[in-house]
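Report on the structure
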Amino acid sequence: MNLFFESGGLKVAALHYEGREKCVVMAHGFGAVKESLIPYAERFSEDFGVLLFDYRFFGESEGWPRQLIDINTQLEDWRNAVEYARSLGYEKIALWGTSFSGGHVLTIASEVDVDAVVSQVPFVDGLAVARAAGVKNVLRLTFSGMVDKLLSFIGRVNYVPIFAPEGGFAFMSSREAEKYRYIIPEGVEWFNAVPARIALSIVRYRPVERVERIRCPVLYVVAERDGITPAEAALKAAEMTKNSEVLRVNGDHFDVYLSLFEFCVEREREFLLRSLD
């Protein structure tokens, strides 16, 4: 069922798979759209209610500039999504995030009472992600971000590609980055770019500093060959989390959506069944 809830004065689009008592709240990663996660949502909906939403500025949600990534507003969207799920009558809430939203769910779980978290190939430390991206790319992104910030004062936008071939200029240009194109279904509102200003804050975003406050069970899904959100950083976060499990998979950042989907979704479903029992 398609619906909207309000966040920051804007309508946020969501898909609701109705269930009883237990709900998995989900959102996409860096620059994607909710439709990219429908395979996960449909599998979880066999056992739970699911609320899968687009952040404001993305997909069917309201907001301009399009595809703006802002950490604070995305976290606010998460808080409002959890509250909306509770308003639907769900008693137990799990958070499911992947890549950039894998960091968001850790941040939200550190401050909001939820019952379980799945954090898949998560962004846990902006410094680690910057090191993986390389100094040259980080400097170019920072400059582009400064230009975009200046242009924003006159209502204009400097867009930078989300992904590019290895060595290209984009937020993601590691060896696996071009697999990104395979997670975006045809026919949805999406383009391969985001306003560059996110480069000015992404390095300072460190969900790993919040994980010690999480009380509920957390499953970390870590890809051994992840060239975008390094496995070492995610494993460190898992060690710092009081009630954590780690699922290590032999793949890269995007294999969890592609060749490793069946394996990951089944292990995650089993974790959610145990944790929400």
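Along each chain, residue indices are assigned from 1 in the same order as the chain's sequence is written. At least 70 in pLDDT is required for a residue's local features to be given in this predicted model, at least 80 for side-chain atom pairs to be given and counted, and no such filter applies to totals for whole chains, interfaces and linings, which use all residues. Each side-chain value is worked out from all heavy atoms of the structure, with water and hydrogens disregarded.

For Phe, Tyr and Trp, rings pair up if their centres lie within 6.5 Å, where Trp contributes its six-membered ring, and each pair is then called stacked (planes under 30 degrees apart), edge-to-face (over 60) or tilted (otherwise). Counted according to the given criterion, the structure contains 18 aromatic pairs. Seen in terms of ring centroids, F30 and F171 are 5.2 Å apart; in terms of plane orientation they differ by 50°. Their pairing is tilted. Taken together, the positions of F30 in the loop between β3 (22-27) and α1 (38-44) and F171 in the loop between β7 (159-160) and β8 (194-195) put the pair 141 residues apart, joining distant regions of the chain. A ring pair is formed by F163 and Y180, whose centres lie 5.3 Å apart and whose planes are at 20°; its orientation type is stacked. In this pair, F163 sits in the loop between β7 and β8 while Y180 sits in the loop between β7 and β8, placing the two residues 17 residues apart along the sequence. Each residue's exposure class comes from its accessible area (1.4 Å probe, protein chains only) as a fraction of the maximum for that residue type: buried when under 20%, exposed when over 50%, partly exposed otherwise. Using a relative accessible area of 7% as the deciding quantity, one classes F163 as buried. The exposure class assigned to Y180 is buried, which follows from its relative accessible area of 2%. Counting every residue linked through ring pairs, the aromatic cluster contains F5, F53, Y55, W78 and Y84. Directly above the ring of F169 sits R140, whose terminal nitrogen or CZ lies 4.1 Å from the centroid. Counting as a charge over the ring demands two things of the Lys NZ or Arg CZ atom: a distance within 6 Å of the ring centre and an angle within 35 degrees of the ring normal. Directly above the aromatic system of F263 lies the positively charged group of R267, at a separation of 5.0 Å from the ring centroid. Helical segments are the DSSP runs of H or I of at least four residues, strand segments are the runs of E of at least two, and each set is numbered from the N terminus.

In terms of nonpolar packing, the biggest core is built from 98 residues, with M26, F30, Y40, F44, F53 and L95 touching the most fellow members. By definition in these notes, contact holds between two residues if any of their heavy atoms fall within 4.5 Å. Setting aside anything within four residues of it in sequence, one finds F30 in contact with I69, F100, I162, F171, M172, Y180, V194, I198 and I202. Within this scheme, the nonpolar core is defined by two criteria: the residues are buried Ala, Val, Leu, Ile, Met, Phe, Trp, Tyr or Cys, and they are joined through side-chain atoms within 4.5 Å.

Let's shift gears to the environment of G102. Positionally, G102 belongs in helix α3 (residues 100-109). In sequence terms G102 and Y182 are 80 residues apart; their C-alpha atoms lie 19 Å from each other.

A separate point is a nonpolar patch on the surface. A residue counts toward a patch only above 30% relative accessible area and without a salt bridge, and it is joined to like-charged neighbours within 9 Å or, for Val, Leu, Ile, Met, Phe, Trp and Tyr, to nonpolar neighbours within 5 Å. To be clear on the numbers: accessible area is Shrake-Rupley with a 1.4 Å probe, and residue cover counts the displayed protein chains and nothing else. For this analysis, a salt bridge means a side-chain nitrogen from Lys or Arg found within 4 Å of a carboxyl oxygen belonging to Asp or Glu. Where nonpolar side chains cluster on the molecular surface, the patch consists of L150, F153 and I154 and spans about 390 Å² of accessible area. Structurally, L150 can be placed in helix α5 (residues 135-152).

Strand pairing is assigned whenever DSSP identifies at least 2 bridges connecting the two strands. With mixed pairing, eight strands are arranged side by side in an open sheet as β1-β2-β4-β3-β5-β6-β9-β10. Edge positions in the sheet fall to β1 (2-7) and β10 (244-249), since each has one partner strand and no second. When the angles between neighbouring strand axes are averaged without regard to direction, this sheet yields 20°. In this sheet, strand β6 (residues 116-120) lies alongside strand β5 (residues 92-98) in parallel orientation, the contact comprising five bridges. Within β6, the residue paired with T98 across the bridge is Q120. Between N-to-C directions, angles span 0 to 180 degrees; the directions come from axes that are lines fitted to C-alpha atoms, helices contributing only their stretch in contact. Along the sheet, helix α7 (residues 261-275) contacts β3, β5, β6, β9 (218-223) and β10; its crossing angle with β6, the most-contacted strand, is approximately 165°.

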